[in-house]
Structures are given as C-alpha cells and as structure tokens.
Amino acid sequence: MKKAGSATDVLWFKDAIIYELHVRAFQDSNGDGVGDFPGLISRLDYLQDLGVTCLWLLPFFPSPLRDDGYDIANYVDVNPVYGTLADFKAFLDEAHKRGMQVLIELVINHTSDQHPWFQAARNAPSGSPLRDFYVWSQDNQRYRDVPIIFKDTEKSNWAWDEVAGAYYWHRFFSHQPDLNFDNEAVMEEVLKAMRFWLDMGVDALRMDAIPYLYERDGTRCESLPETHAAIKRIRAAIDADYTNRIILAEANQWPSDVRPYFGDGDECHMAFHFPLMPRIYMALRQEDRLPITDIMAQTPPIPDNCQWALFLRNHDELTLEMVTDDERDYMYYAYSADPKMRINVGIRRRLAPLVDNNRRRIELLNSLIFSFPGTPIVYYGDEIGMGDNIYLGDRNGVRTPMHWNPDRNAGFSTAVPERLYFPVVMDPIYGYQAVNVETQLSDQSSLLHWTRNMIALRKLFQVFGRGTLEFLSPTNRKVLAYLRRYTLLDGHIETVLCVANLSRFAQPALLDLAQFAGCVPVEMLGYVPFPPISQQLYAVTLTPYSFFWLELQPAPEAPQPPASLSDEEAAELARHPGDTEVQVPLTPDAPDTAQRSDLTRKTER
Ligand code: GLC
C-alpha cells in the first residue's frame, strides 16, 4: 500500500505557486531573536490568504550554520533553535489543513564536517567502510580540471584533514565534504533520510547541488551517467512507496544540460530554469525581448509529467553563471553599481532594490514568471517589496527577518534588537516602517494586494501551469508577446495572449492574430472585452512597463431577441449585441474584494 501525499492530483506541482521561506527569518515565537516552527505556524493564515499553494523551507536541520544550514549535521532532526520534530509535524499538519504542500531540502551532495559520519570517517582507518563515506586522496591533484564553484572563498576542491592525514573532496565550502556515492552504504543512508521525511508526509524534496554526486577522472565531475542512475534510483524508491510526492532538481546549467535531469519522466519532476532568470533582467534593462525569446528557443521540450520552476530571486546571489562573459559584464554594470552588491559569480540583492523599487517593473517581472511555462516561486518578502542589506556577509543580505508591521523588530521578534540573528532592514525606503505586511494589507493598492490578485487570477487558469508557449514576432522588439494554449479535460480550450512592454516608454505593437479572427480578447484582471480580432494586424498600445493578459474567447453568438421584446427593444439589442456579455470594468486599483468577486464569477463559468 503506497503512502498518500497531501495533494490529490499527481500533477499538482504544475498548478502550484511556490513560496520560498526560511524558518529562521519568518517569525520568532519565543523571543530568542530567531524564527521557529511555532512562529511559522502562526503565520500560515497569512500565506494561505496570499494564495500560495506550496511552502519551500530552506534547511532547518541540525547544523553549525556556516552555510545557512546547507551544512547538515543530522539529516533526521530539527535544529533545536527552530523547534522540535513535534513542532515540524505540527507545522506540516497545519499547512496540509490549509491545502498547502510542503517542499523541504534534500542536500545529499555533501554534509557538514560536523556530521558524525565525517567525524567517524576521519578517525577510521584508510580504506575502511566508515572512511569511505567521503572522497579521499593522498594528493590534491586528482580531478584537476573540475571548476571551483565558490570561487571567491575556495582555492581548491580538496582540503587537507589533519586527523585523517588525507585530502577530502568538496565542491562547495571546505567545511562541506562531499559524500561518496560509490559507497552503497551512503545511498542507503540517503534513502533512509528521504523516507523519514516522506513517511511523515512531506510532499516534495529539493535536490540541492544534484549534478555533482560522482567523481570520475578526465571529466568535469558533473552530470555523469552514474549521477543520473542514482537519481533514477531515488525516484524509483519514491514511486514504489508513495503517491503524489515530487523532486525538484537544483542544477545550475544550460537548459539542454538540465534536460537529462527529467530523464524519460523518471528522474526529477521539476528543475529550476536558471538561465531564464538573468535574461529576464537583461531584457528589461536593454528594453529588448531577444534575451528571453533566445533562451526559450534553446529550451528543449520536457516530458509531459515534468515542469520548469521559475524564479526571479531566491536565497542565493542572482547567479550569473549561465550567461556569456559579455552578458555578465553587462549585468554587473546594470544591476550592481556598488561592488558590495557583488558576490562570487552574481549579485546579492533582492527584487525591489534590483529594479530601483519601481513598482511597474516589479509587476512586469512577476507577470512574466507567472505566465511563462512553469511553476512560479515567490521569495519571502518580495511580495511586499522588501529591501536587502548588502553590508551583511555572504548572501545574508537577502536573508533578513520578514517585515510584519512597523513595531519593534518589524513584528518578527520581541527580543532586544541586538539579539536578532540578523538586523531588520531599517533604511528610509525599504525599512520595516515603510515596507511591511500590516501596512500593505490596509492599503488596497499595495504590492501585496496586487500579488495576491495575480496569484488568485493565475490559479483560475490551468493554461499557465500546463499550456504550450508560442511567441509572436511584432516588429517592435520592446514588446514581448506570446500565446499560451491548453485543452482542459472537459474539452474547453484555454487560450491566453500575453503582451508585455519591456520599455520605460509607451509602446505600440501590431500582432498577427489572424488565426483567431472573430475571437474577442478579454483582459483577465478586469474581465474587460477588447475589440474583436480580425484578419488585420491587431493593434495594442502599452503604457511603460505594462502588460496585458488577454483570454481569447470565441465571438459571442448574436443573441436572438426573445419574442416578448418590443420592436424598439429588439432594434436596440441588434445595435449593441455585445452589451449583454460586458462585465463592469475594474480599474487596477479597484478594491480587492470587488476583484475577487469578479474572479469568482470567472471560476463559476
Ligand atoms: C545550493 C544552495 C546554496 C548553498 C549550496 C551549497 O546551491 O542553494 O545556498 O550554499 O547549495 O550547499
């Protein structure tokens, strides 16, 4: 008997809206200055109201926290500073009760050097099974051509261990030794840890740093056939015993190199689309759609049961590994004026500061990841436009406490401010007194309300998560226009036309929509019908950084006048046949409740 997950549809992840958060940063319940599970539970209503459907938790396991928890010292427990296993279970139940799935980290490439496995390994005799949990060498010359990932902190992928009297292999920080997957006992321990969380009811696992599981001479030790075999084994173990659970690959590579991580639909269910992300920012800055259309043209089709994960920002730097040297120079120039904003191969800033706190740009970028083929991920705090703190070390500037209200510590904690794990952002523009949830909830035109409406709207149309993508080619390259199409189970075809203006100035565009002649584009946020499409090029005009989502609906059939109408009434109806279909248009600033009732009407179609 397979253990059921909390989701009821096997493809649930395609319709999901993922919200990435750190327990540490979300809500402190006991005043020790660090967020915890009871605190997170107390904020679940907020997340449910925002409309997100899947919570991605950054690592919360026992750890010395030298890499924010990606340095794991015990795979099957909770870091006491965040709570207990019982607290985690309570959180999981509460999330499930609210219809939200839970995604956690499965970091199997490496452990902390404080993990008992490493402590045992370094003390065990050379060649013994315990020593073999990690990758050792007597010299540091093996695998010499393998690139260093954390270039700014590490000089080599080998580190000397005094106790063992040998070098150990590490692809990330030197305090994170890589596990040795050539040792069967390692895989068995990994499967055990995975089952521990899946048995509890966890819905999804993010497979951190997945390309680097194996090492082989003469290769880049990346995406080796052995690695794919290991992932298939993990997937088979999940499919054998569980339903509706998924794995998400973190493989920071070109789309054609990521494609194998989906296998034949028998490896990972999802993978991040890393190269799309910087190209969205590039397209915006260059006011040219080419970076986006180009990378999407290089994105191969994926199996039907698989999905891309789309994001604008996350807990790491805005990585620039998947761009050319010229593009990287351009991105640094355009998005990180102060060298402090740079780290490793990327930019450590949040969404709002990246786009100069320009509300229209924030909305435009979100509209793209909400309407591109894939599942969007919102990074905590970006729904209110939180700022960052580039003076904190590492990537910590984008990991500061969530802003709940204008009170002490932004409502995150009752501790004395000095005790917080990181200071809250306090500057006059992005500081918690200016940017916080409570204030934005009471402001109908806030970014928070906007985000909530977009999430609600997206959830009404399966086409966004499941449909095909086709770009149009208007001559004006500042305008990005694309069609999404999907046939629902009941045979109804959802067709959505998205048009986005990447420019800071108003732009016109002429779209070839002849194949839809006779259809009526209906603007989806306000449910406003636009002029019908004909064989002629369709003209749209866009204000700076604006976008439209237009549902292409078949032309309304001309209503037959009921027999009881007078001649005058029948003539009036003939003159304005469409009026019976017209809904009351809503402005973008319309009260949320009004928009919501409008969205509800759409659901009841
Ligand atoms: C992943 C994580 C990153 C971490 C690294 C090493 O890339 O996203 O935060 O530092 O793995 O564990």
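Residues numbered from 1 in each chain as written. Predicted model: local features only at pLDDT ≥ 70, side-chain atom pairs only at ≥ 80, totals over all residues. Heavy atoms only, no water.

**Observations concerning the packing of aromatic side chains**
The cut-off we apply is this: Two rings belonging to Phe, Tyr or Trp (six-membered ring only in the last case) form a pair when the distance between their centres is within 6.5 Å. Interplanar angles under 30 degrees mark stacking, angles over 60 mark edge-to-face geometry, and anything in between is tilted. Helix and strand labels come from DSSP, where a helix needs a run of H or I of at least four residues and a strand needs a run of E of at least two; each type is numbered from the N terminus. Partly exposed residues are those whose accessible area sits between 20% and 50% of the maximum for their type, while under 20% is buried and over 50% is exposed, using a 1.4 Å probe and protein chains only.
According to the stated counting rule, one finds 47 aromatic pairs in the structure shown. On the basis of an interplanar angle of 70° and a centroid distance of 5.4 Å, the ring pair of Phe-150 and Phe-172 is categorised as edge-to-face. Here the residue Phe-150 occupies a position in the loop between strand E4 (136-137) and strand E5 (158-161), and Phe-172 occupies one in the loop between strand E6 (166-169) and helix H6 (184-200), the gap between them amounting to 22 residues. Phe-172 carries the same exposure label as Phe-150, and that label is buried. Plain terms: the ring middles of Tyr-421 and Phe-422 are 4.9 Å apart, the flat faces sit at 55° to each other, and that makes the pair tilted.

**Re the state of the cysteines**
Quick reminder of the rule: Cysteine sulfur atoms that pair up within 2.5 Å are treated as a disulfide.
Under the definition given, this model contains zero disulfides. Here Cys-306 is not disulfide-linked; the sulfur of Cys-268 is the nearest cysteine sulfur, at 8.5 Å. Residue classification places Cys-306 among the buried positions, given a relative accessible area of 2%. Between Cys-519, a cysteine without a disulfide, and Cys-498, which holds the nearest cysteine sulfur, the sulfur-to-sulfur distance is 15 Å.

**Some remarks on the site of the ligand**
The condition is simple: Nearness here has a simple test: a residue counts as near a molecule or strand if at least one of its heavy atoms is within 4 Å of that partner. Throughout this description, a polar contact denotes any pair of N or O atoms lying within 3.5 Å of each other; where both atoms belong to protein, one of them has to be capable of donating a hydrogen while the other can accept it, and for residues adjacent in sequence the pair is counted only when both atoms sit in side chains. Surface accessibility follows the Shrake-Rupley procedure with a 1.4 Å probe radius. Residue values consider only the protein chains on display as shielding. Gly counts as polar in this scheme, as do all residues outside two lists: the nonpolar Ala, Val, Leu, Ile, Met, Phe, Trp, Tyr, Cys and Pro, and the charged Asp, Glu, Lys and Arg.
The ligand sits among 13 residues. The nearest are Asp-67, His-110, Asp-208, His-315 and Asp-316. The contact in question runs from an oxygen atom of the ligand to an N or O atom on the side chain of Asp-208, over 3.0 Å. One of the side-chain N or O atoms of Arg-395 is found 3.0 Å from an oxygen atom in the ligand. Taken by itself the ligand offers 300 Å² of open surface, and the protein chains cover 96% of this. Taken together, the residues that form the shell around the ligand break down as three nonpolar, three polar and seven charged.

**Side note on the sheet that holds strand E9 (residues 270-272)**
Convention followed: Strand pairing requires that DSSP identify at least two bridges connecting the strands. To obtain an axis, a line is fitted to C-alpha atoms, over the contacting stretch when the element is a helix, and the angle between two such axes runs from 0 to 180 degrees between their N-to-C directions. The contact rule is simple, with two residues in contact once any of their heavy atoms fall within 4.5 Å.
With parallel pairing, the eight strands of this closed barrel are ordered in space as E1-E2-E3-E7-E8-E9-E10-E14. For this sheet, the mean angle separating the axes of adjacent strands, direction not counted, is 25°. Where strand E8 (residues 246-249) and E9 come together, two bridges link them in parallel fashion. Each residue of the ladder has a partner; that of Ala-249, found in E9, is Ala-271. Contacts from helix H13 (residues 359-371) reach strand E10 (307-311) and strand E14 (375-379) within the one sheet, and its direction differs from that of E14 by about 140°.

**A few points about the packing of helix H4 (residues 85-97) against H6**
Selection rule: Note that the term roughly parallel is reserved for angles under 35 degrees, roughly antiparallel for angles over 145, roughly perpendicular for angles of 65 to 115, and oblique for everything else.
For the pair H4 and H6, interaxial distance at closest approach is 10 Å and the crossing angle is 50°. With respect to H6, the axis of H4 lies oblique. Mapping the contact onto sequence places Leu-85, Phe-88, Lys-89 and Leu-92 in H4 and Phe-196, Trp-197 and Met-200 in H6.

**Quick look at empty space enclosed by the protein**
Worth spelling out the cut-off: The rule is simple: put a 1 Å grid over the protein atoms alone, call a set of points where a 1.4 Å probe fits but cannot get out a cavity, call an open set with protein on both sides within 12 Å along at least five of seven lines a pocket, and count a residue as lining if it has an atom within 4 Å of a point. Grid points are joined across faces, edges and corners, and a volume is the space filled by probe spheres set on the points.
Under the definition given, this model contains two cavities of 30 Å³ or more. One number sums up the size of the largest cavity: a volume of about 80 Å³. Around the largest cavity, the lining residues are Leu-312, Arg-313, Leu-351, Asn-366, Ile-369, Ile-377, Val-378, Tyr-379, Asp-382, Glu-383 and Thr-451. Those elements that provide at least two residues to the lining of the largest cavity are H13 and E14. Considering each element in turn, the lining of the largest cavity owes the most residues, three residues, to E14. Residue composition of the lining of the largest cavity, by class: six nonpolar, two polar and three charged. Looking at the second largest cavity, its volume works out to about 30 Å³. Lining the second largest cavity are Trp-12, Phe-13, Ile-18, Cys-54, Leu-103, Ala-204, Ile-246, Leu-248 and Met-270. Here the residues of the lining of the second largest cavity are counted per class, giving nine nonpolar, no polar and no charged.

**Comments concerning unusual backbone geometry**
For Asp-68, which is not glycine, the phi dihedral falls at a positive 50°. Tracing the backbone through its elements, the reader meets Asp-68 in the loop between strand E2 (54-57) and H4. Asp-68 gets classed as buried once you look at its relative accessible area, which sits at 5%. Of note in this structure, Tyr-143 is not a glycine but carries a positive phi near 55°. Positionally, Tyr-143 belongs in the loop between E4 and E5.

**Points about the nonpolar core**
Rule in force here: To qualify as a nonpolar core, a set must consist of buried Ala, Val, Leu, Ile, Met, Phe, Trp, Tyr and Cys residues joined through side-chain atoms within 4.5 Å.
Judged by nonpolar contacts, the single largest core of 169 residues is most densely connected at Tyr-19, Leu-47, Phe-60 and Phe-88. Considering every element that reaches this core, the biggest residue donor is H6, with nine residues. Discounting chain neighbours no more than four positions away, the residues touching Phe-88 are Phe-37, Leu-57, Phe-60, Val-78, Ile-104, Trp-197, Met-200 and Val-202. Formed by 18 residues, the second largest nonpolar core is a distinct cluster that contains Leu-483, Leu-511, Phe-516 and Cys-519.

**With respect to the pairing of E10**
For E10, the buried fraction is high: five of the five residues fall into the buried class. Residues of E10 alternate between two faces, with Gln-307, Ala-309 and Phe-311 on one and Trp-308 and Leu-310 on the opposite face, all of them buried. As paired elements, E9 and E10 share three bridges and run parallel to each other. Each bridged residue has a counterpart across the sheet, and for Ala-271 the counterpart in E10 is Trp-308. Summarising the sheet, E10 and E14 pair through three bridges and their orientation is parallel. When the sheet's bridge partners are listed, Leu-310 is paired in E14 with Pro-376.

**Concerning the environment of Ile-292**
Assignment of secondary structure puts Ile-292 in helix H10 (residues 290-297). Remark: the alpha-carbon pair of Ile-292 and Met-282, spanning 10 residues in sequence, is separated by 8.5 Å. Discounting chain neighbours no more than four positions away, the residues touching Ile-292 are Leu-276, Arg-279, Ile-280, Ala-283, Leu-368, Phe-372, Phe-471 and Leu-480.

**Quick look at the confidence of the model for the protein chain**
Filter applied, for reference: Per-residue confidence from the prediction method is given by pLDDT, with values spanning 0 to 100.
Confidence in the prediction for the protein chain averages 93 pLDDT; 92% of positions are at 70 or higher. Looking over the protein chain, one finds the lowest element-wise mean pLDDT in helix H18 (residues 592-603), namely 43, and the highest in strand E1 (residues 18-21), namely 99. Taken together, the stretch residues 577-601 has pLDDT below 50 and engages in 36 contacts with residues farther than four places along the chain or on a different chain.

**Considering the pattern of salt bridges**
Using the following cut-off: Salt bridge, as used here: a side-chain nitrogen of Lys or Arg that lies within 4 Å of a carboxyl oxygen of Asp or Glu.
Taken as a whole and assessed by the stated rule, the structure comprises 36 salt bridges. When the shortest N-O distance is used, the salt bridge between Glu-189 and Lys-192 registers 3.3 Å. Taken together, the residues span about one helical turn, with Glu-189 and Lys-192 both in helix H6 at a distance of three residues. Of the residues examined, Lys-192 reaches a relative accessible area of 53% and is grouped as exposed. With its nearest N and O atoms 2.8 Å apart, the salt bridge here joins Asp-394 to Arg-395. For Arg-395, a relative accessible area of 5% puts it in the buried group. Connected through salt bridges with shared partners, the residues Arg-24, Asp-67, Asp-68, Asp-316, Asp-394, Arg-395 and Arg-399 form a single ionic network.

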